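# Structure at a glance
Here is what each chain is made of, one letter per residue.
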Amino acid sequence: MPSPSVASNSVETTATKAEKDPQFAYTLAKGLEVLRAFDAASPTLSNRDIATRTGIGRQTVVRLTRTLAQLGYLRYNESAARYRLAAPVLSFGYPLLCQLGVRQLARPYMQELADFARGAVSLAMRGGDRLVLIETCVDRNAPSGRPDVGAGRHFHDTSLGHTYYCAADDAERLEIDTLQRVRDPQGWPALQKRLAASREQFKAHGYCVVVTPGAGLTAIAVPVGVIEDERIVLNCVTAQFNLQPDTLQTQIAPRLFNLVRVLRDATGRHP
């Protein structure tokens, strides 16, 4: 669960936007923060949980959740006194997914690479302070399910996040810096060093590699480019025990770059 300090920082950022723009709909922003409070690890939340996660006052949360439930976007379990997201929320993302034709173009190539790497291959785009998966394929022989479309990935500890950061322009990188510093002020200096190291790797090779020792995973990501006004990044994640010392550099990276060339040619887009 996010700490109250992180949650309150999110609300403070919203308040700052409201001060800068007199037409900013502060109540609407709070309602959207309520919907964003739910995640895969916590599919049901009480009003108190939501207030803690968002930094919004509990009485305001009570009004917002009641309104969202009446509109059909939340479902309330009276016996447990907890809310969960309802099906109409899914309809928000459907028009966006439909217009991203790159997903359909990439899918067979992504599946081929996932099978080869015995891992997962995903496309992602930015959604505020994180990346959002817009397509994903997993090795057909993998025992577990694939990560789902719509799942979030952080900037600080994923190859997708590091690569997006490196491929972004200076203005967007500064914006991401601010978001990450607000999210974790104490951890920001260390993250800043990791991002700087990734930028050097990206300049030299065109990709970023991020290792997650606790999970036994290694991921490599490359930028696809800007498609439908969205910057898209592509990664491949596999278990470390599947890798030989040079597998990433000599086998997986070239396949990622080839897939990017195919997608750029098909969409007529460039970095």
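Because the structure is a prediction, the values reported are computed rather than measured.

### Digging into the pattern of salt bridges
Close approach of charged atoms allows side chains of opposite charge to pair. In this structure the tally under the stated criterion is 13 salt bridges. A salt bridge links Glu 135 to Arg 107; its shortest N-O distance comes to 2.9 Å. Of this pair, Glu 135 sits in strand S5 (residues 130-138) while Arg 107 sits in helix H6 (residues 102-117), placing them 28 residues apart in sequence. Overall, Arg 107 belongs to the partly exposed group, its relative accessible area being 31%. Among the ionic pairs, Asp 170 bridges to Arg 173, the shortest N-O distance being 2.5 Å. With Asp 170 and Arg 173 both in helix H8 (residues 170-183), this residue pair falls three residues apart, about one helical turn. Each member of the salt-bridge network shares a partner with another, and the members are Glu 33, Arg 36, Asp 129 and Arg 130.

### Considering the packing of helix H2 (residues 26-36) against helix H4 (residues 58-70)
A packed helix pair is summarised by two numbers, namely the angle formed by the two axes and the spacing between the axes. As a packed pair, H2 and H4 sit with axes 10 Å apart at the nearest point and diverge in direction by 75 degrees. Taken together, H2 and H4 sit at an angle that is classed as roughly perpendicular. Note on element contacts: H4 touches H2 through Thr 60, Leu 64, Thr 65 and Leu 68, opposite Thr 27, Lys 30, Gly 31, Val 34 and Leu 35. Across the contact of H2 with H4, the residue classes tally to four nonpolar, four polar and one charged.

### Let's talk about the packing of aromatic side chains
Two measures describe an aromatic ring pair: the distance that separates the ring centres and the angle between the ring planes. On inspection of all chains with the given rule, the structure shows four aromatic pairs. Between Phe 155 and Tyr 164, the aromatic rings sit 5.9 Å apart at their centres with planes inclined by 75 degrees, giving edge-to-face as the arrangement. Here the two residues Phe 155 and Tyr 164 agree in accessibility, since each one is buried. A cation over an aromatic ring shows up here: Lys 30 above the ring of Tyr 26, its NZ or CZ 4.7 Å from the ring centre. One Lys or Arg, Arg 255, reaches over the ring of Phe 116 and ends 3.8 Å from the middle of that ring.

### A few points about the sheet that holds strand S2 (residues 74-77)
Spatial ordering of the open sheet is given by S1-S3-S2, a layout of three strands whose pairing is antiparallel. With one partner strand each, in any of the chains shown, strand S1 (44-45) and S2 form the two edges of the open sheet. Looking at chain direction, S2 and strand S3 (residues 82-85) are connected through four bridges and run antiparallel. Along S3, the bridge assignment pairs Tyr 76 with Tyr 83.

### Observations regarding H8
Taking 1.5 Å of rise per residue, 14 residues should cover 20 Å, and H8 covers 20 Å from first to last C-alpha, within 8% of that figure. When H8 is considered as a whole, its buried residues turn out to be Glu 172, Arg 173, Ile 176, Asp 177 and Gln 180. Angular distribution of buried residues about the axis of H8 spans 145 degrees; they occupy a single face of the element. Looking at H8, the residues exposed on the side facing more than 90 degrees away from the buried face are Ala 171 and Leu 174. Against the buried residues of H8 lie strand S4 (119-127), helix H7 (159-167), helix H9 (188-205) and strand S9 (230-239).

### Some words on the pairing of S9
Taken residue by residue, a regular strand's side chains alternate between the two faces of the sheet. With eight of 10 residues buried, S9 is to be regarded as a mostly interior element. Relative to S9, strand S8 (residues 217-227) is paired through 10 bridges, and the arrangement is antiparallel. Across the sheet, residue Ala 221 finds its bridge partner in S9, namely Asn 235. The hairpin turn running from S8 into S9, its antiparallel successor, is two residues long, and Glu 228 in that turn takes a positive phi close to 50 degrees.

### Focus: the sheet that holds S8
The strands that make up a sheet pair up through hydrogen bonds in the backbone, lying either parallel or antiparallel. In spatial order, the strands read S6-S5-S4-S9-S8-S7; together these six strands make up an open sheet with antiparallel pairing. Here the strands that pair on one side only, and so sit at the sheet edges, are strand S6 (152-154) and strand S7 (208-212). Put simply, the sheet's adjacent strands are angled 35 degrees from each other on average, direction ignored.

Criteria and cut-off values
- Residues numbered from 1 in each chain as written.
- Predicted model: local features only at pLDDT ≥ 70, side-chain atom pairs only at ≥ 80, totals over all residues.
- Heavy atoms only, no water.
- Salt bridge = Lys/Arg side-chain N within 4 Å of Asp/Glu carboxyl O.
- Helix = DSSP H or I, 4+ residues; strand = E, 2+ residues; numbered from the N terminus.
- Buried < 20%, exposed > 50% of the residue type's maximum accessible area, 1.4 Å probe, protein only.
- Axes fitted to C-alpha atoms, helices over the stretch in contact; angles between N-to-C directions.
- Parallel < 35°, antiparallel > 145°, perpendicular 65-115°, else oblique.
- Contact = heavy atoms within 4.5 Å.
- Nonpolar A, V, L, I, M, F, W, Y, C, P; charged D, E, K, R; others polar.
- Phe/Tyr/Trp six-rings, centres within 6.5 Å; stacked < 30°, edge-to-face > 60°.
- Lys NZ or Arg CZ within 6 Å of the ring centre and 35° of its normal.
- Pairing = 2+ DSSP bridges.
- Expected span 1.5 Å × (residues − 1).
- Arc of directions from axis to C-beta.

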